[in-house]
Amino acid sequence: MKPFTFKATTHRVTRAGLGTPVGSAVMEDLIDQPGPVEIRTVAADWEVPLSGVVNIKHPKAVQAGLKDGPEAIKIYAHVVRHPAHGVFLVDTGVSRKFVKDPAGEGVGWVLRKFQAIDKMKAQESTAEIIQAEGALAGVFMTHLHLDHVSGLPDIPKDVPIYTGADEAEAQLFLNLFAQGTTNNLLEGRPPLQELQFAKDPDGRFEGVNDVFGDGSFFAILTPGHTTGHLSFVARTPAGPELLTGDVSHTRWGWENDVEPGTFLAERQPSIDSLLKLKALSKRHPNMTVKLGHQP
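Residues numbered from 1 in each chain as written. Predicted model: local features only at pLDDT ≥ 70, side-chain atom pairs only at ≥ 80, totals over all residues. Heavy atoms only, no water.

Caption draft 1: Broad picture of the nonpolar core. Within the largest apolar cluster, 38 residues are counted, with the highest numbers of intra-cluster contacts made by L136, V139 and I155. Counting only elements with at least two residues in this core, the list comes to β3 (38-49), α2 (50-53), β4 (70-82), β5 (86-90), α6 (126-133), β7 (136-140), α7 (146-149) and α8 (175-186). Excluding residues that lie within four positions of it along the chain, I155 makes contacts with L89, T92, T126, I130, L136, V139 and R189. I39, Y162, F197 and L221 belong to the second largest nonpolar core, which has 20 residues in total. (Core = buried A, V, L, I, M, F, W, Y, C linked by side-chain atoms within 4.5 Å. Buried < 20%, exposed > 50% of the residue type's maximum accessible area, 1.4 Å probe, protein only. Helix = DSSP H or I, 4+ residues; strand = E, 2+ residues; numbered from the N terminus. Contact = heavy atoms within 4.5 Å.)

Spelled out as structure tokens, the structure:
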């Protein structure tokens, strides 16, 4: 019997007017060419159980002697600056208001109790990022988990938020506790803009989207952690940058081809997405890889 599950959010969604589905070969033919996108990554400090971010039951983890316990990680916001389209964020960072008064920012009591929000330490809050970088043209979400929407209280309500297709519809029992919080953080905002994907004709990924239509910034559908999880590749002046999102939380997991632990929705798609991104990075050895939660 299938367990009763809940959507990530009941907030309204619509098809994004931004972006065009393309084949992965189109992306890979371009990404080694220097491009116009500039990326600045901002980190906040956090701590979670190692068993959440690395599968400690994997044979490689057992052989390495990994044991569960507190693991220091980061919460990232990536500032994406495009010369024609403006300034965007990939994920939202951390709002000091969110950490100081989570109840006042709409975080439910279960998440306040069990998500260790008090351990989030913003070095540069989302409000400070916006003050430094200028008005946002939009926010691209890798996915809608609490630590990725924790900067929303600082983001103006009219800023469009882009997600993977069906990310809002993702069914998971844990959304029983998270859905209300996500709804509260999205209240008063326009519908989520869902980037669209077609089956990759080259078979390397589930789908690829040329976000700005000029071959400078690509979204890759990488399901597993959540149904609509996205990773991103940017063409920068220094070469391609890959933002894995939570396909891989940790440096050890990435280097050893070990997927996350309990923090995922479906294990096999998560493994597949990890191996596909690893293969992409090997085909493009000059690529800078920025992981979900560790340098």
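Caption draft 2: Spatial organisation of empty space enclosed by the protein. Inspection of every chain in the model, using the stated rule, returns two cavities of 30 Å³ or more. In this model, the largest cavity occupies a volume close to 70 Å³. Contributing to the lining of the largest cavity are Y76, H78, V90, D91, T142, H148, L243, T244, G245, K290, L291 and G292. Tallied by class, the residues present in the lining of the largest cavity amount to four nonpolar, six polar and two charged. Put simply, the second largest cavity is a space of about 30 Å³. (1 Å grid on protein atoms, 1.4 Å probe; cavity = no way out; pocket = protein on both sides within 12 Å on 5 of 7 lines; lining within 4 Å. Points joined across faces, edges and corners; volume = space filled by probe spheres on them. Nonpolar A, V, L, I, M, F, W, Y, C, P; charged D, E, K, R; others polar.)

Caption draft 3: The arrangement of the pairing of β5 in detail. Counting buried positions along β5 yields four of five residues, so the element is predominantly enclosed. Across five bridges, β4 lies against β5 in antiparallel orientation. Its bridge partner lying in β5, V79 is registered against L89. Inspection of the sheet shows β5 paired to β7 by four bridges, in the parallel sense. Paired with F88 across the strands is G138, a residue of β7. (Pairing = 2+ DSSP bridges.)

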